[in-house]
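Survey of secondary and tertiary structure
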Amino acid sequence: MEPLLLGRGLIVYLMFLLLKFSKAIEIPSSVQQVPTIIKQSKVQVAFPFDEYFQIECEAKGNPEPTFSWTKDGNPFYFTDHRIIPSNNSGTFRIPNEGHISHFQGKYRCFASNKLGIAMSEEIEFIVPSVPKFPKEKIDPLEVEEGDPIVLPCNPPKGLPPLHIYWMNIELEHIEQDERVYMSQKGDLYFANVEEKDSRNDYCCFAAFPRLRTIVQKMPMKLTVNSLKHANDSSSSTEIGSKANSIKQRKPKLLLPPTESGSESSITILKGEILLLECFAEGLPTPQVDWNKIGGDLPKGRETKENYGKTLKIENVSYQDKGNYRCTASNFLGTATHDFHVIVEEPPRWTKKPQSAVYSTGSNGILLCEAEGEPQPTIKWRVNGSPVDNHPFAGDVVFPREISFTNLQPNHTAVYQCEASNVHGTILANANIDVVDVRPLIQTKDGENYATVVGYSAFLHCEFFASPEAVVSWQKVEEVKPLEGRRYHIYENGTLQINRTTEEDAGSYSCWVENAIGKTAVTANLDIRNATKLRVSPKNPRIPKLHMLELHCESKCDSHLKHSLKLSWSKDGEAFEINGTEDGRIIIDGANLTISNVTLEDQGIYCCSAHTALDSAADITQVTVLDVPDPPENLHLSERQNRSVRLTWEAGADHNSNISEYIVEFEGNKEEPGRWEELTRVQGKKTTVILPLAPFVRYQFRVIAVNEVGRSQPSQPSDHHETPPAAPDRNPQNIRVQASQPKEMIIKWEPLKSMEQNGPGLEYRVTWKPQGAPVEWEEETVTNHTLRVMTPAVYAPYDVKVQAINQLGSGPDPQSVTLYSGEDYPDTAPVIHGVDVINSTLVKVTWSTVPKDRVHGRLKGYQINWWKTKSLLDGRTHPKEVNILRFSGQRNSGMVPSLDAFSEFHLTVLAYNSKGAGPESEPYIFQTPEGVPEQPTFLKVIKVDKDTATLSWGLPKKLNGNLTGYLLQYQIINDTYEIGELNDINITTPSKPSWHLSNLNATTKYKFYLRACTSQGCGKPITEESSTLGEGKYAGLYDDISTQGWFIGLMCAIALLTLLLLTVCFVKRNRGGKYSVKEKEDLHPDPEIQSVKDETFGEYSDSDEKPLKGSLRSLNRDMQPTESADSLVEYGEGDHGLFSEDGSFIGAYAGSKEKGSVESNGSSTATFPLRA
């Protein structure tokens, strides 16, 4: 036994070594190698609606492989001219033309070159036939009510899957229930028929979805004879009960059929769905139940379908094998059937043989193990033939392995391992290539790599070599290979540099060497700066429904900016690129905006940056604040007459500490349902003793407060009722209201409902004259007012008001002083005099009214005055009384805003709370002259190079006899310097204009005009204007009709007018009318006609009239300052310059007095100029 164990251990060790030194690597296409199948078909179905059917087989190898096929184990040649082979592979096509059923079979592809032959798995080509029900005559079925019946379907064979339906001729499904059931084979079972089951169109439909085909069986007729007609002389109730008693029977299984006995076996493949079905006939309809003998049904994978008649177990495993029992039962008995379930499995690989590359003289091993139920058998092939037919020297073949020793190039071959059992076959190809070649580096020379500081760099040097090769790396400028913990070289030649620094940048060489030779390539490494991120704000705390804005600031290497991509996530779940569809969350690159923040938005937000070389992330904790949840579980304890303890539990604070609680109560009898604040409690406390008032049925609730706001109120507490007591306080704000003399209406603020302390609230009012040695008078009332008549007017009284209820009186009240009703003052003040302060202000003095004649509390004095006439023109004025009141006890007052130079009447009276007393005798006084208001307007109506004409309007208020005007002017050119102020006294008040001369040409002036009386001059009105240039527009207002350009212009206008008249005349003679003229003839406008007449009249006048509009055209700087209407209002000259509609059509006519410089009212300067 020991030698056997020792030998087995040695074999295991050798297998380990052989596996270690064999390399299952990709051989470059330039190296000779055996064929390898890289693509093949599986099962191919010839569907009738496809154009062609392609069976694929592709392989690689060096030399290029050739292909051959077998069908059902025999050589298959492309002799049929319809087969279309592929040029570069073994793939071929079979067109869907004519009869192709002879192509059905199992195909295998072989790819071969001089080194070996690769073999494909079997490819099944299925040519399905069109399924059809046989033409047959189905005899009608006739049964009695209560009997069982089976309607067979017997569907035709066809390409699975198969779906069966029972329907009537109108394609309505036959209803299935506990009594009616369709088996897996498609037969329709009736446990007991009923009269309603009679019909002549039971149709079985078989559907083959992959073939897109549905076929129908001939309709079947079923007649159910009712037992009610068995004896016509009997009543239906008796017959029905008799029939039921005759037909009632215990269950009998129809599925599985009786001939299968009480037991049956079912084989199911692992991973498939197990369906067990049981159906029993009987009356009443039997119920079906399932159980596993000696175990439980698999939970989560088993379901009962079709009213319990089908047991379904999904994803069957070996644990599901065993015995299952179905039990059909009714009240008459039971029937059972046992299913022995066998679970088997097709072959599957546990150790699949692997291709390998060996060098000459090396050893190797191939392993091939498979599992299945039954246990698969293993067969070995070499280049597609049994291994026994082509043995190689040194090969040792076992059922599950082949070992090689001292391999030579002629050992190169393709080995096939085939595992099979009754459920299928699997095949694996393993290439054994014996190759001796100098290392071939497959990575391009001069490849460029880049990484980020601190990251690892990977420089590739993929190679193929046999025998094995050694790889070394070094920097180009250095001699020694790279060594150290930061460097690691993988078996495929890749160099990894950990924790790179900027000094790692540069060129590197990869050297690969074996016993045959060595090869090298170079690689270039660039080091980039790492990407950095910062999310702001950090850990924000934001109230609910506010807006959250996060910004992700990134910084990366300039070479990586083109590949930089930012993304956002919350709690590890990424957001969509642009946010949410509803627009509440918007992502704009580095910015994340959330509107109307909710509690669900709270979490950890991460901004991630990804470049072509690195990635970075930064997070921020978003805390959403909200008002607290309402307090809960309110509880009352320590109940007393005037206090109670309230305790509660705090609700969630939603990330903001509760600062205080507000305790509210409800119990006001006058306003039921109204909650009022009772007290406030610090946020850390959840209990408080509440002070209470008597005679109140209390209910409490609590509101929590944090920095965001108030919570919803809690649910109300239980009720707490306090007993009644005498009032604790008396009414406040005791006052008097009197509308009649000697009347005193006493009022006070009534006690609130919460202050009454008990039922039967009344008020005890006591009063007496102040200081009088008399008894207190008393009266008790229920409302809050009392009317008392007194013997004297405005006499002081001491008054008390005390609250009382059925349990007693309130505290002793404090007395207040009240006065009885007032009367009007009955005498008038005497005016001592009126002192004139100035033209608009006077001081009035009077004697005061004695206190006993006021008959109340004196509030003050009132002055009434009105203007009687103006001293300027002597006109009388209607009486318009002005009122001015002076509060308090005084004997003088100032009356302002009087009109100057006028006569006034003035009276004085006293007034109290009741009203005003009689007026004094009127006092007459006059105000002196004052200075006038400013003139209503000032205009420069004409300018020249050294002259200007000004016009103005009278002040609205002269305030005296007008003595003249003060005209002032100074130079104000566009500099900060201003010229000397020149004064001109105009002593003619009626003169509304002035002509200035000796002015400077092309100079801007400012003019000031004041109106004056004997008391002085009033406020000025100002205007600015500029004189004309030297000779430029000189003589602008002179006659321009003698100018040459004007004569030429007039001649041109006359010529055009003559030409227009000639055309109109010719057109009229031809029978036509000029359209515009025609309209004017039909509908003449009198206003337009008048304008036209006047216009043409100007042309017929002498040449000395200036051309209309010439002044505007000569000087672009000239702009009108007023409309023509304004000239009508202020001008005092010829109003004939205006047409009927008020338009300024005479503006172009010359003045009546050409060159006049001091005309009185003639508005000759039609367009006044302004700088």
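Conventions we followed
Residues numbered from 1 in each chain as written. Predicted model: local features only at pLDDT ≥ 70, side-chain atom pairs only at ≥ 80, totals over all residues. Heavy atoms only, no water. UniProt positions renumbered as here; feature names shortened; annotations may be inferred. Helix = DSSP H or I, 4+ residues; strand = E, 2+ residues; numbered from the N terminus. Buried < 20%, exposed > 50% of the residue type's maximum accessible area, 1.4 Å probe, protein only. Contact = heavy atoms within 4.5 Å. Areas by Shrake-Rupley, 256 points an atom, 1.4 Å probe, with all protein chains shown as cover. Phe/Tyr/Trp six-rings, centres within 6.5 Å; stacked < 30°, edge-to-face > 60°. Lys NZ or Arg CZ within 6 Å of the ring centre and 35° of its normal. Pairing = 2+ DSSP bridges. Axes fitted to C-alpha atoms, helices over the stretch in contact; angles between N-to-C directions. Disulfide = S-S within 2.5 Å. Polar contact = N/O pair within 3.5 Å; in protein donor to acceptor, adjacent residues only side chain to side chain. Salt bridge = Lys/Arg side-chain N within 4 Å of Asp/Glu carboxyl O. Core = buried A, V, L, I, M, F, W, Y, C linked by side-chain atoms within 4.5 Å. pLDDT = per-residue confidence, 0-100.

Going by an unreviewed UniProt entry, the protein chain carries the name Neural cell adhesion molecule L1-like protein and comes from Homo sapiens. The protein chain has a UniProt comment under Sequence similarities (unreviewed entry) that states "Belongs to the immunoglobulin superfamily. L1/neurofascin/NgCAM family."

Examining the overall build of the protein chain
Of the regular secondary structure elements, the protein chain holds seven helices and 85 strands. Out of the 1171 residues in the protein chain, the part that is buried amounts to 41%. Relative to all contacts within the protein chain whose residues are 6 or more apart in sequence, the contacts with residues 24 or more apart total 65%. Accessible surface computed for the protein chain: about 65,000 Å², of which carbon and sulfur atoms make up 49%.

Topic: the packing of aromatic side chains
By the definition in use, this model includes 27 aromatic pairs. Centroid distance Phe92 to Tyr107: 6.1 Å. Interplanar angle 55 degrees. Geometry classified as tilted. Within this pair, whereas Phe92 is found in strand β8 (residues 92-95), its partner Tyr107 is found in strand β9 (residues 105-113), the two being separated by 15 residues in sequence. Under the relative-accessibility criterion, Tyr107 is labelled buried at 0%. Here a set of aromatic residues connected by ring pairs shows up, and it is made of Trp69, Phe76, Phe78, Phe92 and Tyr107. One cation-aromatic arrangement involves Arg93 over Tyr52; the distance from NZ or CZ to the ring centre is 4.0 Å. Over the aromatic face of Trp511 sits the side chain of Lys518, whose NZ or CZ is 5.0 Å from the ring centroid.

A few points about the sheet that holds strand β49 (residues 548-555)
Read across the open sheet, the four strands follow the order β47-β49-β53-β52; overall the sheet is antiparallel. In the strand order of this sheet, the two ends are held by β47 (532-536) and β52 (585-588), each with one partner. Direction aside, the axes of adjacent strands within the sheet are offset by 10 degrees on average. The pairing of β47 with β49 spans five bridges and is antiparallel. Across the sheet, Leu533 pairs through a bridge with Ser554, a residue of β49.

What to know about the environment of Val422
With respect to the helices and strands, Val422 occurs in the loop between β36 (413-421) and β37 (424-434). Residue Val422 is classed as exposed on the basis of its relative accessible area of 67%. Sequence separation between Val422 and Pro374 is 48 residues; the distance between their C-alpha atoms is 7.5 Å.

Considering unusual backbone geometry
In terms of backbone geometry, most residues other than glycine have negative phi values and most peptide bonds are trans. Here the residue pair Pro160 and Pro161 is connected by a cis peptide bond, since its omega of 5 degrees sits within 30 degrees of zero. One can find Pro161 in the loop between β13 (149-151) and β14 (163-167). Omega for the bond connecting Ser466 with Pro467 falls within 30 degrees of zero, at 5 degrees, which places this linkage in the cis form. Following the sequence through the fold, Pro467 ends up in the loop between β41 (463-466) and β42 (470-475). Of note, Asp72 is a non-glycine position whose phi angle comes to about 55 degrees, a positive value.

Structural notes on the state of the cysteines
For the structure on display, the rule yields seven disulfides. Between the sulfur of Cys153 and that of Cys204 lies a disulfide, 1.9 Å long from S to S. With the S-S dihedral at roughly -65 degrees, the linkage between Cys153 and Cys204 falls on the left-handed side. On the criterion of sequence distance, the pair formed by Cys153 in the loop between β13 and β14 and Cys204 in strand β17 (residues 199-208) is long-range, its members being 51 residues apart. Exposure remark for Cys153: the relative accessible area of 0% places this residue in the buried category.

What about the side chain of Thr443?
Tracing the chain through its elements places Thr443 in the loop between β38 (437-441) and β39 (447-452). Of note is the side chain of Thr443, whose polar atom sits 2.8 Å from the backbone nitrogen of Glu462. In this view, Thr443 contacts Tyr449, His460, Cys461, Glu462 and Val521; residues no more than four positions away in its chain are not counted.

Considerations on the sheet that holds strand β22 (residues 274-277)
Ordered in space as β22-β26-β25, the three strands form an open sheet in which the pairing is antiparallel. The sheet terminates laterally at β22 and β25 (302-305), the two strands that pair on one side only. Sheet twist, expressed as the mean angle between neighbouring strand axes with direction ignored, is 20 degrees.

Points about the environment of Ile25
Along the chain, the position of Ile25 falls in the loop between α1 (2-21) and β1 (33-40). Sequence separation between Ile25 and Ser355 is 330 residues; the distance between their C-alpha atoms is 8.2 Å.

Some points on the pattern of salt bridges
Overall, the coordinates contain 46 salt bridges when judged by the stated rule. The salt bridge involving Glu194 is made with Arg179; its shortest N-O contact spans 3.5 Å. Residue Glu194 is located in the loop between β16 (188-190) and β17, and its partner Arg179 is located in the loop between β14 and β15 (180-182); the two are separated by 15 residues in the primary sequence. Classification of Arg179 as buried rests on a relative accessible area of 7%.

Concerning the pairing of strand β30 (residues 364-367)
On β30, burial covers both faces: Gly364 and Leu366 on one face and Ile365 and Leu367 on the other are all buried. Pairing geometry for β30 and strand β35 (residues 401-404), over four bridges, is antiparallel. Counted as the bridge partner of Leu367 is Glu401 from β35.

So, the nonpolar core
Side chains of nonpolar character tend, in soluble globular proteins, to be buried together. Judged by nonpolar contacts, the single largest core of 25 residues is most densely connected at Ile149, Leu151, Trp166, Leu188, Phe190 and Tyr202. For this core, the secondary structure elements donating two or more residues are β13, β14, β15, β16, β17 and β19 (220-225). The biggest single contributor to this core is β17, with four residues. Among all residues touching Tyr202, those that are not within four sequence positions of it are Leu151, Trp166, Met167, Ile174, Leu188, Phe190, Asp197, Met218, Pro219, Met220 and Leu222.

Observations regarding the confidence of the model for the protein chain
This prediction gives the protein chain a mean pLDDT of 84; 85% of its residues lie at or above 70. In the predicted structure, residues 1-23 sits below a pLDDT of 50 and forms 18 contacts with residues beyond four places in sequence or in another chain. Every residue in residues 230-243 scores below 50 in pLDDT, and together they form five contacts with partners more than four places removed in sequence or on other chains.

Considerations on the environment of Arg645
Summarising the element assignment, Arg645 is placed in strand β57 (residues 643-649). Separated by 44 residues in the primary sequence, Arg645 and Ile689 have C-alpha atoms spaced 4.2 Å apart. What Arg645 contacts, discounting residues up to four positions off in sequence, is His635, Leu636, Ser637, Glu638, Thr687, Val688 and Ile689. Here Glu638 takes part through its side chain, which lies 2.9 Å from a polar atom of the side chain of Arg645.

A closer look at the side chain of Gln496
One can find Gln496 in strand β44 (residues 495-497). Overall, the relative accessible area of 11% leaves Gln496 in the buried class. Within polar-contact distance, the side chain of Gln496 engages the side chain of Tyr490 at 2.4 Å. Of the polar contacts made by the side chain of Gln496, one reaches the side chain of Asn498; its length is 2.5 Å. Not counting the four nearest positions on each side in its chain, Gln496 is found in contact with Ser456, Ala457, Phe458, Arg486, Tyr487, His488 and Tyr490.

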